[in-house]
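What the coordinates show
Residues per chain are reported as follows:
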Amino acid sequence: MNEADITQLWVYLSAKPLTGLTITLVAYAVGFWLYQKSNRNPICNPVVIAIALIALLLNVTGTPYATYFEGAQFVHFLLGPATVALAVPLFRQTATLKRALPVIVFGVLFGSLVASASTVILAWALGASPETLASLAPKSVTTPVAMGIADEIGGVPALTAVCVIATGIVGATLGPMVMNKARLKDWRARGFAMGVAAHGIGTARAFQVNETAGAFSGLAMGLNTMATALTIPFLWHWIFG
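None of the values given here were measured: they were computed from a predicted structure.

Looking only at helices and strands, one finds 13 helices and 0 strands in the protein. Ordered by position in the sequence, the α and β elements of the protein form the string α-α-α-α-α-α-α-α-α-α-α-α-α. Across the 241 residues that make up the protein, the buried fraction comes to 38%. Per element, the accessible surface of the protein, about 13700 Å² overall, is 73% carbon and sulfur.

This is the structure we're talking about:
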């Protein structure tokens, strides 16, 4: 098979909606295989590997992202049911949640403010524009909500989406190592920290390690989204006018 035949084959396959779905699943399977082979080393995050493989393939073949997403949207659709399914392991931790409620509320509020304030202050010190600062402020919550917050306070939603994904990947990759260095062994605390700092990607990582950590990560992700959506726009308009 010569190069022209391969090109024609790819053009044919890329026009089929299920091709994007297949590419997504295969890329993640490869990433997860490498993750398992590395003894679950957080640096070999399967999401990071899958993103890199798909980006490389689309770039090499010249396939528009919109064409790829026609098939990949089936996986995107499952994000909603997967988020709702977080309620199952969370329900199993009801007794623990009741005992730790004051700590959870304080942790979410403090974590939400620190995540936003530290990023904005650092970016401001480096000379970022007001538009960029507004785009970075909600980077620790799930993408749809973060984009909405950024749009409300004068940011660029597209830039926010990139920052959110980068935050999740970095948090899921480095978070476990940081917590190991800090000798944080309580799975509830570890999961909670991942949920506040690294939203959905961090929660997925927490579930891979421990169900209790995943449950608390899902709780933290949801509460942090709510806290950020309520506090950031108010504080932003109050401080910057």
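A word on the packing of aromatic side chains. Counted under the stated rule, the structure contains 5 aromatic pairs. Summarising the aromatic geometry, the rings of Tyr-65 and Phe-69 are spaced 5.8 Å apart at their centres and angled 20 degrees between planes, so their arrangement reads as stacked. Taken as a pair, Tyr-65 and Phe-69 lie in helix H4 (residues 65-77) at a separation of 4 residues, close to a single helical turn. Owing to a relative accessible area of 28%, Phe-69 belongs among the partly exposed residues under this scheme. Judged by centre distance (5.9 Å) and plane angle (15 degrees), the rings of Phe-106 and Phe-110 are stacked. Of this pair, Phe-106 and Phe-110 are both found in helix H8 (residues 101-125), 4 residues apart, which corresponds to roughly one turn of the helix. Residue Phe-106 is classed as exposed on the basis of its relative accessible area, which comes to 58%.

Bringing unusual backbone geometry into the picture now. Non-glycine residue Arg-183 carries a positive phi angle of around 60 degrees. For His-199, which is not glycine, the phi torsion reads 40 degrees and is therefore positive.

Before going further, it helps to spend a moment on the UniProt feature "transmembrane region" (unreviewed entry) in the protein. If you check UniProt for "transmembrane region" (unreviewed entry), the listed places come out as residues 18-35, 47-68, 74-91, 103-126, 158-179, 191-209 and 215-239 in our numbering. End C-alpha atoms of residues 158-179 are separated by 31 Å, and the span's content is 100% helix alongside 0% strand. With 100% helix and 0% strand, the stretch residues 215-239 has end C-alpha atoms that lie 35 Å from each other.

Let's shift gears to helix H3 (residues 46-61). For an α-helix, the turn length of 3.6 residues means that residues three or four places apart are oriented alike. Between the first and last C-alpha of H3 there are 22 Å, a value that for 16 residues agrees with the 22 Å anticipated at 1.5 Å per step. Every buried residue of H3 is accounted for by Pro-46, Ile-49, Ala-50, Ile-54 and Leu-58. For H3, the angular spread of the buried residues around the axis is 160 degrees, confining them to a single face. Pointing more than 90 degrees away from the buried face of H3 are the exposed residues Leu-56, Asn-59 and Val-60. The first or second residue beyond H3 is Gly-62, which carries a positive phi of 70 degrees.

Using the criterion set out here, one finds 1 salt bridge in the structure. The partner of Asp-186 in a salt bridge is Arg-188, and the shortest N-O contact between them spans 2.7 Å. On the basis of relative accessibility, which here comes to 35%, the residue Arg-188 falls in the partly exposed class.

Helix-helix packing: each pair is described by the crossing angle between the helix axes and the interaxial distance. At their nearest, the axes of H8 and helix H13 (residues 211-240) sit 9 Å apart, and the two run at 55 degrees to each other. Judged on the interaxial angle alone, H13 and H8 are oblique. In the packing of H8 onto H13, the handedness of the crossing is right-handed. Facing Ile-104, Val-108, Leu-109, Ser-112, Leu-113, Ser-116 and Val-120 of H8, the residues of H13 in contact are Phe-216, Leu-219, Leu-223, Asn-224, Ala-227, Thr-228, Thr-231, Ile-232, Leu-235 and Trp-236. Across the contact of H8 with H13, the residue classes break down as 12 nonpolar, 5 polar and no charged.

Thresholds applied
Residues numbered from 1 in each chain as written. Predicted model: local features only at pLDDT ≥ 70, side-chain atom pairs only at ≥ 80, totals over all residues. Heavy atoms only, no water. Helix = DSSP H or I, 4+ residues; strand = E, 2+ residues; numbered from the N terminus. Buried < 20%, exposed > 50% of the residue type's maximum accessible area, 1.4 Å probe, protein only. Areas by Shrake-Rupley, 256 points an atom, 1.4 Å probe, with all protein chains shown as cover. Phe/Tyr/Trp six-rings, centres within 6.5 Å; stacked < 30°, edge-to-face > 60°. UniProt positions renumbered as here; feature names shortened; annotations may be inferred. Expected span 1.5 Å × (residues − 1). Arc of directions from axis to C-beta. Salt bridge = Lys/Arg side-chain N within 4 Å of Asp/Glu carboxyl O. Axes fitted to C-alpha atoms, helices over the stretch in contact; angles between N-to-C directions. Parallel < 35°, antiparallel > 145°, perpendicular 65-115°, else oblique. Left-handed = near helix turned anticlockwise from the far one by under 90°. Contact = heavy atoms within 4.5 Å. Nonpolar A, V, L, I, M, F, W, Y, C, P; charged D, E, K, R; others polar.

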